[in-house]
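Next come the chains, spelled out residue by residue.
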Amino acid sequence: MIFITGGSGFIGSNFVLDWLAAENEPIIILDKLTYAGSVNPLDTATHSHYHFEKGDINDQALVKRLFEQYKPRAILNFAAESHVDRSIHNPNHFIHTNINGTFCLLETARQYWLTLNTAEKTEFRFLQISTDEVYGSLKPHDAPFNESTAYAPNNPYSASKAAADHLVRSYHHTYGLPTFITNCSNNYGPYQFPEKLIPLTILNALENKPLPIYGDGLQIRDWLYVSDHCAAIKTVLANGKIGETYNIGAHNEKTNIDIVKTICEILDNIHPSPLQTSYTSLITHINDRPGHDRRYAIDAKKIEQELQWKPQVNFATGIQKTIQWYLNNLPWIEDIKSRDVYKQWLTTHYVQMEKS
Ligand code: NAD
Ligand code: DAU
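What counts, and at which threshold
- Residues numbered from 1 in each chain as written.
- Chains lettered and ligands numbered in written order.
- Predicted model: local features only at pLDDT ≥ 70, side-chain atom pairs only at ≥ 80, totals over all residues.
- Heavy atoms only, no water.
- Pairing = 2+ DSSP bridges.
- Helix = DSSP H or I, 4+ residues; strand = E, 2+ residues; numbered from the N terminus.
- Axes fitted to C-alpha atoms, helices over the stretch in contact; angles between N-to-C directions.
- Contact = heavy atoms within 4.5 Å.
- Buried < 20%, exposed > 50% of the residue type's maximum accessible area, 1.4 Å probe, protein only.
- Right-handed = clockwise from strand over helix to strand, strands pointing away.

> How should I be thinking about the sheet that holds strand S1 (residues 2-5) in this particular structure?
Sheets are built from strands paired through backbone hydrogen bonds, the pairs being either parallel or antiparallel. Read from one edge of the open sheet, seven strands run S3-S2-S1-S4-S5-S6-S10, paired in parallel fashion. Looking at strand neighbours, the two that pair on one side only are strand S3 (50-54) and strand S10 (245-248), the edges of this open sheet. Looking at each pair of strands side by side, their axes are set apart by 20 degrees on average, direction ignored. Here four bridges tie S1 to strand S2 (residues 27-31), and the two strands are oriented parallel to one another. By the bridge assignment for S2, Ile4 is matched with Ile29. Against the sheet, helix H9 (residues 226-239) contacts strand S4 (74-77), strand S5 (125-131), strand S6 (179-184) and S10, and its axis sits at roughly 145 degrees relative to S5.

Below you can see the structure in the form of structure tokens.
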């Protein structure tokens, strides 16, 4: 049994679906089903060997009960508040979930781990899913982030993830809890919540709405297809060295403006606008994100060389698959678009970005 938190979010649900398709080992999922959580992905899971529990990772009694009831051999913490822009508007939830929540999981996991026999104790793993954002921002000619790069988070989201990573590290060094941390670059693929650049661009284009680019659009992100991230996490869980950190990325740096133009070109081909104009005419530069990190890039040599993981999906294929997935999954999209909480976010955030 493995214990997954945040299994109804973008990466967590992809991980759960990939796991259920390939493994016989059961899963217990704990997810609060915040605005970003969605049970739909798991509805498509036909397997009976997964259990779902709605709840907060800060609920220590619940987490304790789940450990005692299901006796997992590992916990993978995907649960987080994940959107940088929301952390700038209101950091509160980010402190609650990303810092306090991780602390609650660590402490409850440690107490459970102490009750295990020697063999179970040796086998147990705590895997923290983290981000490249903890390393801060690179200059154009800087080398990509490696596992020795100093942490320098620049926004409340990345600061909260950095704090959580430090707690995980401390639980290994102080108590011997067998932990891993994975720091991954930007993911894209099915089920990504349409507040993030790629799905937001696809959905706005389909509605002939402006495609918002913050500032000059020359900021760089390093993109990885979500199934490659999930495979990397499985590799670390199976073969990682206890106490270590692994960077995950696909050597795929792109400017934001290039990403948006690529989406427009693909849509022009496979789903032309009824207005008979290119979707690129919708691109609209708006005010920049405060404290916007200019460039992220991951050096993934450690996981590639020590654990033999390699990304399988190149960007040209991954972005085509992603756009096609959104075109084929309109009910999932319509459900999100109909939610007041999503409509409110789009109006308040983008109106402020245009004004500020
Ligand atoms: P997401 O926002 O799509 O999903 C987060 C999930 O966590 C949701 O299902 C939500 O309901 C759940 N959740 C939030 N608060 C909770 C709480 N207090 N208790 C229980 N569940 C809670 O996020 P994502 O993009 O899937 O990211 C998953 C993890 O991967 C995060 O830790 C994130 O920091 C990390 N990460 C994401 C990316 C990326 O590009 N999306 C890249 C690197 C690392
Ligand atoms: O690098 C990993 C991180 O990637 C994860 O830790 C985060 O959870 C995840 O949300 C993502 O963070 P970003 O801030 O990079 O992702 P986002 O999709 O919000 O933005 C990607 C880039 O596009 C960023 O430079 C901001 C820009 N952007 C974003 C939006 C939503 C725009 O120009 N316009 C937009 O409307």
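From this point, things continue past the structure.
> Looking at this structure, how should I read the pairing of S5?
Judged by how many residues are buried, S5 sits mostly within the fold: seven of seven residues are covered. The side-chain alternation of S5 yields two buried faces, one formed by Arg125, Leu127, Ile129 and Thr131 and the other by Phe126, Gln128 and Ser130. As judged from the four bridges shared by S4 and S5, these two strands associate in the parallel manner. Considered in S5, the bridge of Leu76 is made with Leu127. With six bridges joining them, S5 and S6 adopt parallel strand pairing. Following the sheet pairing, Ser130 is matched in S6 by Asn183. Chirality of the crossover, the property in question, places the unit of S5, helix H7 (residues 156-175) and S6 among those that are right-handed.

By themselves these figures say nothing about function.
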